[in-house]
Amino acid sequence: MSDAQLERLAAEAGLMIDWVDADNRPQRLSADVQRSVLQALGFAAQSPEQIRQSLNELEQRRAQVPPLLTADCGRPVSVPVAPGTRYKLFNEDDSGHSEGHVDEHGQIPALEHGGYYPLHLGPHELILAAAPPRCPSVAQFCGGRRHVWGLAAQLYSLRSEADGGAGDLRALAELVRAAAGQGADAVAISPVHAMFPAAREIYSPYSPSSRLLFNELYAAPALVLGDEPVRQAFVAAGLEAERERLEHLPLIDWQAVAHLRDRLLAQLYGQFQHHSGALQEDFLAFRNHGGAELLQHCCFQVLQLRRVAAGDGLDWRSWPEPYRNAASAEVGHFMVEEEQAISQQAFGQWLVARGLQQVQRQAREAGMGIGLIADLAVGAEPSGSQAWMRQDELLTGVSVGCPPDILNLSGQNWGICAFSPDGLRRNGYRAFIEMLRANLRYVGGLRIDHILGLRRLWVIPAGAAPQDGAYLDYPIQDLLRLVCLEAERARAIIIGEDLGTVPPGLRETLAERGILGMRVLLFEQQHGHFIAPRHWPEGALATSSTHDLPTLEGWQRGRDIDWREKLGQRSRESAAEERNTRQYETFALRQALAESAIQTDAMLDGAIEFLGATPAPLVLLPLEDALACVEQPNLPGPGDRHPNWRRRFEENAARLLDSPPVRARLERLRRARSEGREHE
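Report on the accompanying structure. Note that the structure is predicted; figures quoted are calculated from it, not measured. (Residues numbered from 1 in each chain as written. Predicted model: local features only at pLDDT ≥ 70, side-chain atom pairs only at ≥ 80, totals over all residues. Heavy atoms only, no water.)

## Topic: the overall build of the protein chain
- Summing up its helical and strand segments, the protein chain has 23 helices and 25 strands in all.
- The globule rule puts the C-alpha radius of gyration for 680 residues at 26 Å, and the 26 Å found for the protein chain is close to it.
- In terms of overall dimensions, the protein chain has a C-alpha envelope of 70 × 65 × 55 Å along the principal axes.
- Put simply, the protein chain has 680 residues, and 57% of those count as buried.
- Taking the intrachain contacts of the protein chain between residues at least 6 apart in sequence as the baseline, contacts between residues at least 24 apart amount to 72%.
- If you sum the accessible surface of the protein chain, you get close to 28200 Å²; carbon and sulfur atoms cover 48% of it.
- Averaged over its 68 positive side-chain charges, the protein chain has a centre that lies 2 Å from the centre of its 88 negative ones. (Helix = DSSP H or I, 4+ residues; strand = E, 2+ residues; numbered from the N terminus. Rg over C-alpha atoms; globule rule 2.2 N^0.38 Å. Buried < 20%, exposed > 50% of the residue type's maximum accessible area, 1.4 Å probe, protein only. Contact = heavy atoms within 4.5 Å. Areas by Shrake-Rupley, 256 points an atom, 1.4 Å probe, with all protein chains shown as cover. Lys, Arg positive; Asp, Glu negative; His and termini not counted. Charge placed at Lys NZ, Arg CZ, Asp CG, Glu CD.)

Next comes the structure, spelled out in structure tokens:
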């Protein structure tokens, strides 16, 4: 078999044959890995004949005019037809059109305004997505202020009165009011993506069923329906004692919380059906506006419950054939038979949507320039509704992860699926656009987790080890243009989590598009010294830590090292070496604070001021650091002995920021942001 032909197929399919790892060492895909990954992507490559057939298939796909083109406003548009071809371009609102011929460079004139324009190119009809050059900036929404701050919260960790054992949107509303009162312009939250009613043991917010809809467990029904109907529902369903028990647990019991909230939603929906009025009309309008996407998701949630009960398992790919296709006649019959259960699922979606809408409105009314910042997970579970609904646009034969690096010597398999680059192109980027819109609809900003995935993703064939994966290229310019266009329409800032093995030039590309990168204090070191605030970049937000890293208090105490040794992720010798290194790092941070003339005995407080003095447009301070917590929300790695995604704050959200030490830290941050001692 010709390695040259195999490599040609791999390159045509978007695989990176040669790449550089986290240690800056060149790497090259073996022929066996190329064949394995290609097979998982749907391109047979086990023989010369299969390679030829796969190459022919790719060439035929590339020759087709795509249903959607992207372009930058103010620049001539390159089109995939011959010069001289007649074109007709229609305004998005159908108010008029322009026409002419493709010039000798294969281009049509530039567009001045962003939008989705119907375009006729000879016999071809497609959409031209014209994007603004940049995403909206922090200053646009904050009255021209260029250096603002906010808090980052794990939504489930918040408390409110009678919440039933986990955070919800009422607690978020209380936190937003408290943060606004301290001068914050934003509150960033953990993902609120739809999860699995049929598998409540899956609760990581980064392993969702769908990134198009919401996790109904976060609904705060009283925000929409009022307190009295909710009180009545708790009594009628006999849930008061269980609610109180769950509220007193030291950690979230997700399965018990889900059982309680599912029963509460069922009771509330039963009550809701027997009334009429403005709320009922709004619910019907919500369902109509949600269209096929909402209906199919709610249908899937019920269908999955029924198939699990029938013994077919959670994964739709193992169900009887008729139920694997959302458009099948059998699924249509199921929708009719289970209309009540499907409507109840939609009821939960409505409560979350209206709750988020209300919290964002309150944030802006309280003076926040940005308000809520949502979190978009990098992928979804292959057994979930998004993969079922968009099978032609997602990769279900591979999972996403990362190659071996310093922190994970064997690499990681995150067990989630991602978009198919080819499927996106062939379907006019439908799944990507609808996902952006769904996550931007009720917020003032969006954090895109692992934004490196818009450039490339490490994909691993089913059953293979993480190190036997490969980088798959994505059409980054098309995707970034769509991000800019949808962000402008939603009037929202965009944050790209750009940590890890960053491809050369990516951060510069993001900055050109007005997408804020992320700089984490614990990583901002060079040659044993922490980088001074004035040398931090202006095109990235600044933060002390992330949900996957130790809190600042935990970091200086080596709590993460203690956990990894306890869980067997580190040997006693390795842990001792890491503690020794941590002592040097702690000393280096104290030295950096002193060099920046930050005077305080508490390193945490000084570090917060240090962040505030950077030129970052936005500083996001995790609540765990504002409250001087020692434990972190999530400890990546195998096993479940660390209580990932289960920790809660002891105080209610309304009073969480009231203690003098917390107020002092936030005032220190506010003052550093407004004074601009270092960053001006």
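Next comes the rest of the account.
## Description of the pairing of strand 6 (residues 97-101)
- Examined bridge by bridge, strand 5 (residues 86-90) and strand 6 share five bridges and lie antiparallel to one another. Counterpart to Arg86 in the pairing with strand 6 is His101.
- What sits between the antiparallel neighbours strand 5 and strand 6 is a turn of six residues, in which Asp94 has the positive phi angle 65°. (Pairing = 2+ DSSP bridges.)

## A word on helix 11 (residues 329-337)
- Looking at helix 11, one finds that the buried residues are Val331, Phe334 and Met335. In a view along the axis of helix 11, the buried residues occupy a sector of 105°, so they form one face of it. Facing away from the buried side of helix 11 by more than 90 degrees, the exposed set consists of Ala329, His333, Val336 and Glu337.
- Contacts made by the buried residues of helix 11 are with helix 10 (278-309), helix 12 (339-365) and helix 13 (385-389). (Arc of directions from axis to C-beta.)

## Some points on the packing of helix 19 (residues 559-566) against helix 20 (residues 572-595)
- With their axes 10 Å apart at the nearest point, helix 19 and helix 20 run at an angle of 175° to one another. In terms of their interaxial angle, helix 19 and helix 20 are classed as roughly antiparallel. Touching Asp560, Ile561, Asp562 and Glu565 of helix 19 are Arg572, Ala575, Glu578, Arg579 and Arg582, all from helix 20.
- Looking at side-chain class alone, the contact of helix 19 with helix 20 contains two nonpolar, no polar and seven charged residues. (Axes fitted to C-alpha atoms, helices over the stretch in contact; angles between N-to-C directions. Parallel < 35°, antiparallel > 145°, perpendicular 65-115°, else oblique. Nonpolar A, V, L, I, M, F, W, Y, C, P; charged D, E, K, R; others polar.)

## Details of the environment of Arg28
- Mapped onto the fold, Arg28 is located in strand 2 (residues 26-28).
- Sequence spacing of Arg28 and Gln107 is 79 residues, and the spatial spacing of their C-alpha atoms is 38 Å.
- Those residues in contact with Arg28 that lie beyond four places of it in its chain are Glu7, Ile17 and Asp18.
- Side chain to side chain, Arg28 and Glu7 meet in a polar contact 2.5 Å long. (Polar contact = N/O pair within 3.5 Å; in protein donor to acceptor, adjacent residues only side chain to side chain.)

## As for the sheet that holds strand 10 (residues 148-153)
- Read from one edge to the other, the open sheet built from eight strands follows the order 20-17-14-11-10-25-24-21, with strand pairing classed as parallel. Strand pairing shows two members of the sheet lacking a second neighbour, strand 20 (493-496) and strand 21 (517-520), which therefore form its edges. For this sheet, the mean angle separating the axes of adjacent strands, direction not counted, is 25°.
- Of the pairings in the sheet, the one linking strand 11 (residues 186-189) to strand 14 (residues 371-376) comprises three bridges and is parallel in character.

## Quick look at the packing of aromatic side chains
- Using the criterion set out here, one finds 20 aromatic pairs in the structure.
- Both rings, one in Trp19 and one in Tyr471, keep their centres 5.3 Å apart while their planes meet at 85°; by these two values the pair is edge-to-face. Here Tyr471 lies in strand 19 (residues 470-473) and Trp19 lies in strand 1 (residues 18-20), a separation of 452 residues in the sequence.
- Aromatic side chains Phe214 and Tyr442 sit 6.2 Å apart centroid to centroid with 45° between the ring planes, which places their arrangement in the tilted category. One end of the pair, Phe214, is in strand 13 (residues 210-214); the other, Tyr442, is in the loop between helix 15 (430-440) and strand 17 (445-448), with 228 residues separating them in the sequence. In this structure, Phe214 and Tyr442 share a single accessibility class: buried.
- An aromatic cluster is built from Tyr156, Tyr203, Tyr206, Trp254 and Trp645, whose rings are joined through pairwise contacts.
- Lying across the ring of Phe234, Arg243 places its NZ or CZ 4.4 Å from the centre. (Phe/Tyr/Trp six-rings, centres within 6.5 Å; stacked < 30°, edge-to-face > 60°. Lys NZ or Arg CZ within 6 Å of the ring centre and 35° of its normal.)

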